[in-house]
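Listed here are the chains, written in short residue letters.
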Amino acid sequence: MDKFVIGGGRKLYGSVRAQSAKNSVLPLLAASILTENTVVIRETPPITDVASMAEILRGLGAEVRFCGEDVVIDSAHAANHSIPSSLTRELRSSVFMLGSLLSRFHRAACAYPGGCDIGLRPIDLHLNALKRLGVKIRERDGFIACECETLRGNEIVLDFPSVGATENILLAAVKAEGTTVLYGAAKEPEIVDLQNFLNAMGARVQGAGTDVIGIEGVKCLRGVEYTPVKDRIEAGSFLIACAICGGEIEVSGVDGKSLGLLLHKLRENGCKIHTKNDKIKITSGGRLKCNRRIETMPYPGFPTDLQAQVTALNAGASGDSLIVENLFETRYKYVPELIKMGADIEVRGRNAFVRGVGKLHGATVSCGDLRGGAALILAALGAEGVSEVLDLSHVDRGYAGFERKLAALGADIRRVRI
Ligand code: EPZ
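Conventions we followed
- Residues numbered from 1 in each chain as written.
- Predicted model: local features only at pLDDT ≥ 70, side-chain atom pairs only at ≥ 80, totals over all residues.
- Heavy atoms only, no water.
- Near = heavy atom within 4 Å.
- Polar contact = N/O pair within 3.5 Å; in protein donor to acceptor, adjacent residues only side chain to side chain.
- Helix = DSSP H or I, 4+ residues; strand = E, 2+ residues; numbered from the N terminus.
- Nonpolar A, V, L, I, M, F, W, Y, C, P; charged D, E, K, R; others polar.
- Buried < 20%, exposed > 50% of the residue type's maximum accessible area, 1.4 Å probe, protein only.
- Contact = heavy atoms within 4.5 Å.
- Pairing = 2+ DSSP bridges.
- Axes fitted to C-alpha atoms, helices over the stretch in contact; angles between N-to-C directions.
- Phe/Tyr/Trp six-rings, centres within 6.5 Å; stacked < 30°, edge-to-face > 60°.
- Core = buried A, V, L, I, M, F, W, Y, C linked by side-chain atoms within 4.5 Å.
- Disulfide = S-S within 2.5 Å.
- 1 Å grid on protein atoms, 1.4 Å probe; cavity = no way out; pocket = protein on both sides within 12 Å on 5 of 7 lines; lining within 4 Å.
- Points joined across faces, edges and corners; volume = space filled by probe spheres on them.

Enquirer: Explain the site of the ligand residue by residue, including any values.
Expert: In the neighbourhood of the ligand, 21 residues make up the surrounding shell, with Asp124, Leu125, Ser162, Asp305 and Leu327 lying closest. Here an oxygen atom of the ligand sits 3.0 Å away from a polar atom, N or O, in the side chain of Lys22. For the ligand, an oxygen atom lies 3.3 Å from a polar atom in the side chain of Arg331. The element contributing the most residues to the shell around the ligand is helix H5 (residues 124-132), with three residues. Its residues placed into classes, the shell around the ligand shows nine nonpolar, six polar and six charged.

Enquirer: Go over the environment of Glu155 with me, naming the residues and quoting the values.
Expert: The topology assignment puts Glu155 in strand S10 (residues 155-157). Taking relative accessible area as the criterion, Glu155 reaches 45% and is therefore assigned partly exposed. Along the backbone, Glu155 and Leu133 are 22 residues apart, and their C-alpha atoms lie at a distance of 8.6 Å. Apart from the residues within four sequence positions on either side, Glu155 is in contact with Arg132, Val181 and Tyr183.

Enquirer: An account of helix H1 (residues 22-31) is needed here, citing residue identities and associated values.
Expert: Within H1, nine of the ten residues are buried, which leaves the element mostly enclosed by the surrounding structure. Along H1, the positions that sit buried rather than exposed are Lys22, Ser24, Val25, Leu26, Pro27, Leu28, Leu29, Ala30 and Ala31.

Enquirer: Go over the sheet that holds strand S2 (residues 12-17) with me, naming the residues and quoting the values.
Expert: Pairing is mixed across the open sheet formed by four strands, whose spatial order is S2-S15-S17-S16. For this open sheet the edge positions go to S2 and strand S16 (272-276), each flanked by a neighbour on one side alone. Ignoring strand direction, the axes of neighbouring strands in this sheet form an average angle of 10°. The sheet contact formed by S16 and strand S17 (residues 279-284) spans five bridges and is antiparallel. Residue Thr275 lies in a different strand from S17, and its bridge partner there is Ile280. Its contacts with the sheet put helix H8 (residues 232-245) on S2, strand S15 (247-252) and S17, and the angle it makes with S15 is roughly 175°.

Enquirer: Hey, could you go over unusual backbone geometry for me, with residue numbers and the actual values?
Expert: Geometrically, the link from Tyr299 to Pro300 is a cis peptide bond, its omega value of 10° lying close to zero. We note that Asn277 has phi near 50°; this positive angle belongs to a residue other than glycine. In the Ramachandran plot, Asp391 falls in the positive-phi region, its phi being about 60° despite a non-glycine side chain. What makes Asp391 partly exposed here is its relative accessible area of 23%.

Enquirer: I'd like a rundown of the packing of aromatic side chains, residues and numbers included.
Expert: A full pass over the atoms with the stated rule returns four aromatic pairs. Ring geometry for Phe238 versus Phe402: centroids 5.6 Å apart, planes at 55°, classification tilted. Here Phe238 is found in helix H8, whereas its partner Phe402 is found in helix H14 (residues 402-408), with 164 residues between them in sequence. Taking the relative accessible area as the measure of exposure, Phe238 reaches 1% and is therefore buried. Given the relative accessible area of 2%, Phe402 is considered buried. A network of ring pairs unites the aromatic residues Phe238, Tyr399 and Phe402 as a single cluster.

Enquirer: So, the side chain of Glu190: which residues are in play, and what are the values?
Expert: Inspection of the secondary structure assignment puts Glu190 in helix H7 (residues 189-200). Taking the relative accessible area as the measure of exposure, Glu190 reaches 5% and is therefore buried. A polar contact of 2.8 Å, which involves the side chain of Glu190, links it to the side chain of Arg232. Those residues in contact with Glu190 that lie beyond four places of it in its chain are Ala21, Asn23, Ser24 and Arg232.

Enquirer: An account of the nonpolar core is requested, with residue identities and associated values reported.
Expert: Core analysis: the largest hydrophobic core is formed by 72 residues, its most contacted members being Met97 and Leu198. Not counting residues within four places of it along the chain, the set of residues in contact with Leu198 comprises Ala31, Leu34, Leu170, Leu171, Val174, Ala203, Val205 and Leu221. The next biggest cluster of nonpolar side chains, apart from the first, holds 70 residues, and it includes Leu12, Ala343, Ala383 and Val389.

Enquirer: Give me the lowdown on the pairing of strand S3 (residues 38-41), citing residues and values where you can.
Expert: By the bridge criterion, four bridges tie S3 to strand S5 (residues 70-74) in an arrangement that is antiparallel. Residue pairing across strands places Ile41 opposite Val71, the latter belonging to S5. As defined by bridge partners, S3 adjoins strand S14 (residues 224-226) across three bridges and the pair is classed as parallel. Pairing of Val40 across the sheet is with Glu225, part of S14.

Enquirer: Residue-level account of the sheet that holds strand S22 (residues 364-366), with values.
Expert: Note: strands within a sheet are paired through backbone hydrogen bonds, in either parallel or antiparallel orientation. With mixed pairing, four strands are arranged side by side in an open sheet as S22-S23-S1-S24. One side of each edge strand has no neighbouring strand; the edge strands of this open sheet are S22 and strand S24 (412-417). Taken pair by pair, the neighbouring strands of this sheet meet at an average axis angle of 20°, ignoring direction. In this sheet, S24 lies alongside strand S1 (residues 2-7) in antiparallel orientation, the contact comprising six bridges. Counted as the bridge partner of Val5 is Arg414 from S24. Each of S1, S22, strand S23 (386-390) and S24 is contacted by helix H12 (residues 370-382), which is oriented at about 30° to S1, the strand it contacts most.

Enquirer: Outline the state of the cysteines, listing residues and values.
Expert: For the structure on display, the rule yields zero disulfides. With no disulfide of its own, Cys148 lies closest to Cys146 among cysteine sulfurs, the gap being 8.8 Å. On the basis of relative accessible area, Cys148 is assigned to the buried category, the value being 10%. Not part of a disulfide, Cys271 finds its nearest cysteine sulfur in Cys242, a span of 7.3 Å.

Enquirer: Describe empty space enclosed by the protein, naming the residues involved and giving the relevant values.
Expert: This model, assessed by the stated rule, comprises one cavity of 30 Å³ or more. The computed volume of the largest cavity comes to approximately 110 Å³. For the largest cavity, the full set of lining residues is Ile244, Gly286, Leu288, Ala312, Leu313, Gly316, Gly358, Lys359, Leu360, Ala379, Gly382 and Ala383. Listing elements by their share of the lining of the largest cavity, those giving two or more residues are helix H10 (307-315) and H12.

Function-wise, these values are silent; they only describe arrangement.
Next comes the structure, spelled out in structure tokens:
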């Protein structure tokens, strides 16, 4: 078990390069078993979600090696189509393995991923879409068993632009017989990255980034070496850290457009933002005005994965703010921890009513999930006094070397083993 000890009040200066996107690397690892040839994914962040996905691939019989930051996957001898429940629980997003297992083996089985700390997270959209491609699905005692004679292209309509369901459909349709047209697709940059990865393997996918994606099934896919898109949520977390602490930093590797409304909201807080190609520079005096309202929406709206971080920013700003979380039912579990730091926030359902108190104070707080944990760290960096942030395993799932990168920007933060 580790904790962070953070001395608040330091301004941040310097530059930081974003890691490869966790939410792109995970579907790319799932896609790697679509070919029996070797796949290399470069610059993969050393985060525990990647390690969990590597375990899932090994459990299927694939050989997975880490060479520095590159991951080399050789699934020629993969023969198992079932994912153990321990790993499905560990990594909910493993559910999009169903699509690639069905493409490879025409069979797939996994435990029902179940809910987690941010919501119920059902998978009805995934399963209904797979049925449209000819998959028979049995659900019993918390297990899902899928099988099909063959995968047949079809028209699919998603009632909600689910990221995971969109990825599952691409993975299942890419080697199906005939063409699939997906309406109502998620438009996140990570979907575009998956399309580029699959097409580099010889697939015929087009339209990612819009709400209509066409997938023309091909017979087989070749190996590939690929560098994923950078992590816009990690980049946004650093920008919010600088807004809260004050100072001036430049984040590189991410296009400002991929951050949805974040840059517009940071300007509303009183920060200066300058973007050029894949560089984003932020300057902040540290004394911020609250955002009147922030609503999370599917891309290109405000990212739900930055909701906790901007709530922490508003908690220590001046004025009032209404945060509305439209994607997940219970994505405010970090709020009681912020209140220990002096925040004045009232949560009612999907709404968080924030009264900015100008400055938070240090406290001992615990992470309950990945992005809520990041929010507590950012709040502690800007607070008066010393904080201790416990249960870092949640943060280590998605942020590689978070404390090292923040300390390099001037933060007083160190990891202590307890
Ligand atoms: C992906 O999760 C991301 N995870 C999440 O990031 C992100 O918050 C989310 O997309 C939204 O952007 C990965 O990419 C690994 P969804 P996913 O399916 O695919 C409902 C992080 O912090 N829904 O777009 O699970 C669901 O309950 C993580 O990095 C259904 O109702 O998200 C939720 O309310 C957290 N039925 C909404 O859609 C379904 O079959 C959005 O879910 C599927 C989803």
